[in-house]
Amino acid sequence: MKHKIRLNGKHMLDKHSALDHLSKRFDLMHPVHNLDALWDELSTLHRIQKITLIHVKELYAYDDGQKVLKLLIDYVHMKEVTFEIK
């Protein structure tokens, strides 16, 4: 069964909160503590159909937020997942 994920930039105001939010929203078995681990976990997921990201401006406010956004964009391209930014 394919899932739709809704991410909120207001819950990703720093690297720690971003990784925690992503771990929960993607329902990962184990919380991730760095972007490499996040990529490793996401790259094994095949159940995601669509990702919607709201309040994206909060991710632009810090360097790791921009890296998180790039990682999500790379993921949706690799897995051919629909990506919507609101």
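For the structure itself, consult the block above.
Keep in mind the model is a prediction, meaning the values are calculated, not measured.

Caption draft 1: View of the overall build of the chain. Along the chain, the regular secondary structure elements total 4 helices and 3 strands. Mapped from its N terminus to its C terminus, the chain presents α and β elements in the order β-α-α-β-α-α-β. For the chain, whose C-alpha radius of gyration is 12 Å, the value lies close to the compact-globule estimate of 12 Å for 86 residues. Counting only residues that meet the buried cut, the chain has 40% of its 86 residues in that class. Long-range contacts, defined as pairs at least 24 residues apart, comprise 63% of the intrachain contacts of the chain with a sequence gap of at least 6. Of the roughly 5400 Å² that the chain leaves accessible, carbon and sulfur atoms contribute 51%. Considering the chain, the positive charge centre built from 14 side chains and the negative charge centre built from 12 side chains are found 8 Å apart.

Caption draft 2: Looking closely at the sheet that holds strand 3 (residues 82-85). Taken together, 3 strands build an open sheet; the order of strands is 1-2-3 and the sheet is parallel. Two strands lie at the open edges of the sheet, namely strand 1 (3-8) and strand 3, each paired on one side alone. Pairwise comparison of adjacent strand axes, ignoring direction, gives a mean angle of 15° for this sheet. Of the strand pairs in this sheet, strand 2 (residues 48-54) and strand 3 are connected by 4 bridges, and their pairing is parallel. When the bridges of strand 3 are listed, L53 appears paired with I85.

Caption draft 3: Region of the structure containing the side chain of N8. Tracing the backbone through its elements, the reader meets N8 in strand 1. Setting aside residues up to four positions removed in sequence, N8 forms contacts with H21, L53, I54 and H55.

Caption draft 4: Molecular detail of the pattern of salt bridges. Under the counting rule described, the total for this entry stands at 4 salt bridges. With its nearest N and O atoms 2.9 Å apart, the salt bridge here joins E84 to K50. A residue pair is termed long-range when its members are at least 10 positions apart, and E84 in strand 3 and K50 in strand 2 qualify at 34 residues. Take E84: its relative accessible area is 28%, and that puts it in the partly exposed class.

Definitions and limits used
- Residues numbered from 1 in each chain as written.
- Predicted model: local features only at pLDDT ≥ 70, side-chain atom pairs only at ≥ 80, totals over all residues.
- Heavy atoms only, no water.
- Helix = DSSP H or I, 4+ residues; strand = E, 2+ residues; numbered from the N terminus.
- Rg over C-alpha atoms; globule rule 2.2 N^0.38 Å.
- Buried < 20%, exposed > 50% of the residue type's maximum accessible area, 1.4 Å probe, protein only.
- Contact = heavy atoms within 4.5 Å.
- Areas by Shrake-Rupley, 256 points an atom, 1.4 Å probe, with all protein chains shown as cover.
- Lys, Arg positive; Asp, Glu negative; His and termini not counted.
- Charge placed at Lys NZ, Arg CZ, Asp CG, Glu CD.
- Pairing = 2+ DSSP bridges.
- Axes fitted to C-alpha atoms, helices over the stretch in contact; angles between N-to-C directions.
- Salt bridge = Lys/Arg side-chain N within 4 Å of Asp/Glu carboxyl O.

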